[in-house]
Amino acid sequence: MRRALFPGSFDPFHNGHLEVVERASQLFDEVVVAAMRNPQKAGPLFSLEERMDLVRLAVEGMQNVTVVALASLVVNLAREVEATVIVRGLRAVSDFEIELQMAQMNRELSGIDTLFVPTSSEYSYLSSKLIREVAAYGGNVASLVPKPVDAALRERNRLP
């Protein structure tokens, strides 16, 4: 069985993330989406449990996708879930520079390769940070995120 691991902070999970999951689910027998705590980022908008729940709701109906939490090195979880590859989405060349270093480190630590999935141009400008900012100021992000995430953002920001 070919199993892929797609790790990320997903704060919040947006349509670019969803596209990567959908495409990976067509390439692999199983995709494990890992919501993670990222100590390099400021306090999250949503708790880890909330993010996991929102990802689960967004991928509902995808029979070969599961959602877990990640609180260790990505390669440790990859071994634990017996992933044969780590999947990462790319929006721009700037993403590639950072992701390439991580992929090389992960391969050095574990021998597990990384598959880069470029997002469609439709989603190339999306970032969780921008979505959080737009939503915090009352902007409409409904077309940028799955419905459950939009509802959670509206509730968190006390929007109608």
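Here, the structure is the one placed above.
The structure presented is a predicted model; accordingly, all values stated were derived computationally and were not measured.

### Some details on the pairing of strand β2 (residues 30-36)
Turning to step 1, where the next piece is worked out: Counted residue by residue, β2 has 7 buried out of 7 residues, so it is predominantly covered.
Turning to step 2, where the next piece is worked out: Of the two faces of β2, the one lined by Glu30, Val32, Ala34 and Met36 and the one lined by Val31, Val33 and Ala35 are each fully buried.
Turning to step 3, where the next piece is worked out: Strand direction decides the pairing type here: strand β1 (residues 3-8) and β2, joined by 6 bridges, are parallel. Residue pairing in the sheet places Gly8 in a bridge with Ala35 of β2.
Turning to step 4, where the next piece is worked out: Read as a crossover between parallel neighbours, the route from β1 over helix α1 (residues 15-27) to β2 is right-handed.

### Quick notes on the pairing of β1
Turning to step 1, where the next piece is worked out: Of all the 6 residues making up β1, 6 are buried; the element is thus mostly covered by neighbouring parts of the structure.
Turning to step 2, where the next piece is worked out: Judged by which residues are buried, β1 turns out to be covered on both faces: Arg3, Leu5 and Pro7 on one side and Ala4, Phe6 and Gly8 on the other are all buried.
Turning to step 3, where the next piece is worked out: As judged from the 2 bridges shared by β1 and strand β4 (residues 85-90), these two strands associate in the parallel manner. What sits directly across from Ala4, in β4, is Val85.

### Let's talk about the side chain of Asn15
Turning to step 1, where the next piece is worked out: With respect to the element layout, Asn15 can be found in helix α1.
Turning to step 2, where the next piece is worked out: There is a polar contact of 3.0 Å between the side chain of Asn15 and the backbone oxygen of Ser143.
Turning to step 3, where the next piece is worked out: In this structure, Asn15 is in contact with Tyr123, Leu126, Ser143, Leu144, Val145 and Pro146, ignoring residues within four places of it in sequence.

Cut-offs and rules
- Residues numbered from 1 in each chain as written.
- Predicted model: local features only at pLDDT ≥ 70, side-chain atom pairs only at ≥ 80, totals over all residues.
- Heavy atoms only, no water.
- Buried < 20%, exposed > 50% of the residue type's maximum accessible area, 1.4 Å probe, protein only.
- Helix = DSSP H or I, 4+ residues; strand = E, 2+ residues; numbered from the N terminus.
- Pairing = 2+ DSSP bridges.
- Right-handed = clockwise from strand over helix to strand, strands pointing away.
- Polar contact = N/O pair within 3.5 Å; in protein donor to acceptor, adjacent residues only side chain to side chain.
- Contact = heavy atoms within 4.5 Å.

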